[in-house]
Amino acid sequence: MVNRSAQDIRRLNRFEVLRRFHASSGPRTRQDLASETALSIATVSNLTSELIGEGVLVEVGQAGSGGGRPRALLALNADRGTLIGIDVAETSVRTELFDLALGEMAVDERPVASGDVTPEQIVDLVESGVDTVHMAAGSLRSRVLGVGISLPGLVERKRGVSTYSPYWAWRDVPMRDRLAERLGLPVHLDNPLKASALAELWFGAGREVDNLVVVMLRSGVGAGLALDGTLYRGATNSAGEWGHSCLVFEGRRCRCGNLGCVEAYVGTAGIAETLRSLAPGDPLLAEADALAAPLLTGLAARAAKGDPTAVEVIRRTAAYLGAALGNLVNILNPEALVLGDQVAAHLGERLLVETKAALAGHALAQPLRAVTLRLSSLPHDAVSRGAAALAFEGFLNDREVFGPVSRTRAAKARAEGHGDGRRPGRSR
Ligand SMILES: [Zn+2]
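Residues numbered from 1 in each chain as written. Predicted model: local features only at pLDDT ≥ 70, side-chain atom pairs only at ≥ 80, totals over all residues.

*Asks:* Would you explain the overall build of the protein chain in this entry?
*Replies:* Regarding its fold elements, the protein chain presents 15 helices and 15 strands. Principal-axis analysis of the C-alpha atoms gives the protein chain an extent of 70 × 50 × 40 Å. Counting across all 428 residues of the protein chain, residues that qualify as buried make up 45%. Summarising the internal contacts of the protein chain: among those between residues at least 6 apart in sequence, 64% fall at separations of at least 24. (Helix = DSSP H or I, 4+ residues; strand = E, 2+ residues; numbered from the N terminus. Buried ≥ 20, exposed ≤ 12 C-beta atoms within 10 Å, placed from the backbone. Contact = placed C-beta atoms within 7 Å.)

Here you go:
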């Protein structure tokens with residue numbers, strides 16, 4: 001029997017190795033991987049031979065011998081199969097088809113009707129998206145290794161259940177099984193906070209730091225947490241619901257039913273509310289109820305021309321955001337705070353600069369010095385890309401890549417509580 005904790009350690013180590021390949025393209029030797037991950041060469045050799053056996057990694061040549069023994073160069077085998085990442089948001093469903101190196105092959109985005117939406121409607125939209133990307137890429141569905149789907153709200157990953165979606169009043173909907181049945185493909189379910197944190201770990205700020213918070217700013221608001229290089233989920237996978245922590249005592253009514261939540265101030269509906277309080281008849285409000293993008297692009301364009309209302313809306317949004325982020329900085333002491341998603345993509349540099357100034361008034365000096373606030377380098381597809389990465393992990397977990405138990409000494413030590421399986425002196 002595989003010891004549970006030993007299995008977890010192997011999965012963490014495998015994640016460390018694979019994310020080096022996704023973080024920067026280009027082949028690597030086992031020695032490169034050992035120095036990049038701070039895992040022992042024995043652990044890396046063990047992991048890579050199993051990944052080669054699975055067809056996920058391939059040898060693509062030899063590194064320059066330079067007098068020494070030539071070393072095999074390894075790369076991701078993009079042709080091994082495909083992955084699908086799907087971002088089901090309140091207003092749209094984005095479906096992306098990737099090769100195994102997470103290179104994008106096709107993308108489809110379709111709107112979700114406003115108001116109450118049934119699980120069946122979402123299943124229909126997902127199926128149409130999956131059909132469309134395959135047609136666009138000329139790729140076969142039989143090549144799909146896994147589908148990662150991010151659903152808004154709370155998701156219990158292991159059971160594959162959407163436990164609570166505040167937007168559509170869903171409770172305990174077994175979405176994974178419904179989607180898997182309809183698509184005829186293996187489905188892995190999670191929420192956008194987990195997907196975007198994973199995307200930053202693999203492709204964004206997480207390439208440089210191990211402790212980061214990804215702040216998702218769209219109609220829903222939350223924080224994806226990566227601590228010590230690993231996605232943090234909490235006891236029931238609901239960690240990071242910072243959007244529903246209290247920013248203003250007895251403040252604005254939030255869609256979750258409580259008062260004064262962060263989301264009610266820095267989510268798209270909250271930004272519209274701030275505009276309404278400043279300029280009740282503003283023409284941007286006419287569209288804002290249905291769609292966030294025209295509100296955000298309109299505000300950005302007007303602020304760029306110096307429109308005082310738009311400038312003030314962004315300043316106030318940043319002031320709320322800075323106060324709310326101060327809590328995260330004080331509690332978690334991260335190295336990077338990444339502003340991501342729709343609001344960050346549209347309001348960009350202006351929001352960043354104003355939020356930095358506001359944050360300084362709310363975080364303690366020492367953790368503030370340790371943190372860098374930045375815009376996501378993946379503003380448009382962090383969630384769908386992260387969902388595909390989740391599908392990749394799910395595929396490998398399902399295949400039991402590691403087969404027979406062959407614990408490394410370091411992993412054994414970790415399993416027994418004598419270390420973390422990494423060489424001492426790890427510093428990044
Ligand atoms: Zn709330």
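Further notes follow.
*Asks:* Help me understand the sheet that holds strand E5 (residues 104-111), please; the structure alone is not making it clear to me.
*Replies:* The strands that make up a sheet are held in pairs by hydrogen bonds between backbone atoms, and each pair lies either parallel or antiparallel. What the five strands build is an open sheet, ordered E5-E4-E3-E6-E10; its pairing is mixed. Two strands bound the open sheet, and with one partner strand each, they are E5 and strand E10 (187-190). Within the sheet, the average angular offset between the axes of one strand and its neighbour, ignoring direction, is 15°. In this sheet, strand E6 (residues 144-150) lies alongside strand E3 (residues 82-88) in parallel orientation, the contact comprising six bridges. For Ile 86, the partnering residue across the bridge sits in E6 and is Ile 149. (Pairing = 2+ DSSP bridges. Axes fitted to C-alpha atoms, helices over the stretch in contact; angles between N-to-C directions.)

*Asks:* Explanation requested: the sheet that holds strand E12 (residues 221-227) in the structure shown.
*Replies:* Within the open sheet, the five strands sit side by side as E13-E12-E11-E14-E15. Their pairing is mixed. The open sheet has two edge strands with one neighbour each: strand E13 (230-231) and strand E15 (372-375). Here strand E11 (residues 212-217) pairs with strand E14 (residues 336-340) via five bridges, running parallel. Across the sheet, residue Met 216 finds its bridge partner in E14, namely Gly 340. Against the sheet, helix H6 (residues 192-203) contacts E11, E12, E13 and E14, and its axis sits at roughly 45° relative to E12.

*Asks:* Teacher, can you tell me more about the environment of Val 215 here?
*Replies:* Tracing the backbone through its elements, the reader meets Val 215 in strand E11. Linking Val 215 and Glu 273, residues 58 residues apart in sequence, is a C-alpha distance of 20 Å. Leaving out residues up to four positions away in the same chain, Val 215 has contacts with Ala 223, Leu 325, Leu 337, Val 338, Leu 339 and Gly 340.

*Asks:* Teacher, can you tell me more about the pairing of E11 here?
*Replies:* Each regular strand shows side chains that alternate between the opposite faces of the sheet. Counting buried positions along E11 gives six out of six residues, so the element sits mostly inside the fold. Because side chains alternate across E11, one face comprises the buried residues Leu 212, Val 214 and Met 216, and the other comprises Val 213, Val 215 and Leu 217, equally buried. With six bridges joining them, E11 and E12 adopt antiparallel strand pairing. By the bridge assignment, Leu 217 is partnered in E12 with Val 221. In this antiparallel pair of consecutive strands, E11 and E12, the connection spans three residues.

*Asks:* Looking at this structure, I do not really get the packing of helix H2 (residues 30-37) against helix H3 (residues 41-53). What am I missing?
*Replies:* The packing of two helices is summarised by the inter-axis angle and the distance between the axes. The N-to-C vectors of H2 and H3 enclose an angle of 120°; their axes lie 9 Å apart at closest approach. Here H2 lies oblique to H3, going by the angle between them. The crossing of H2 and H3 is right-handed. In this structure, H2 uses Arg 30, Gln 31, Leu 33 and Ala 34 to contact H3, whose residues at the interface are Ile 41, Val 44, Ser 45 and Thr 48. Of the residues assigned to the contact of H2 with H3, the class counts are four nonpolar, three polar and one charged. (Parallel < 35°, antiparallel > 145°, perpendicular 65-115°, else oblique. Left-handed = near helix turned anticlockwise from the far one by under 90°. Nonpolar A, V, L, I, M, F, W, Y, C, P; charged D, E, K, R; others polar.)

*Asks:* Whenever I open this one, the packing of helix H8 (residues 268-278) against helix H11 (residues 308-332) confuses me. Can you help?
*Replies:* Between H8 and H11, whose axes approach to 10 Å, the crossing angle comes to 130°. In terms of their interaxial angle, H8 and H11 are classed as oblique. Seen along the crossing, H8 lies across H11 with a hand that is right-handed. Where H8 abuts H11, its residues Ile 271, Thr 274, Leu 275 and Leu 278 lie against Thr 309, Glu 312, Val 313, Arg 316 and Thr 317. Residues belonging to the contact of H8 with H11 are distributed by class as follows: four nonpolar, three polar and two charged.

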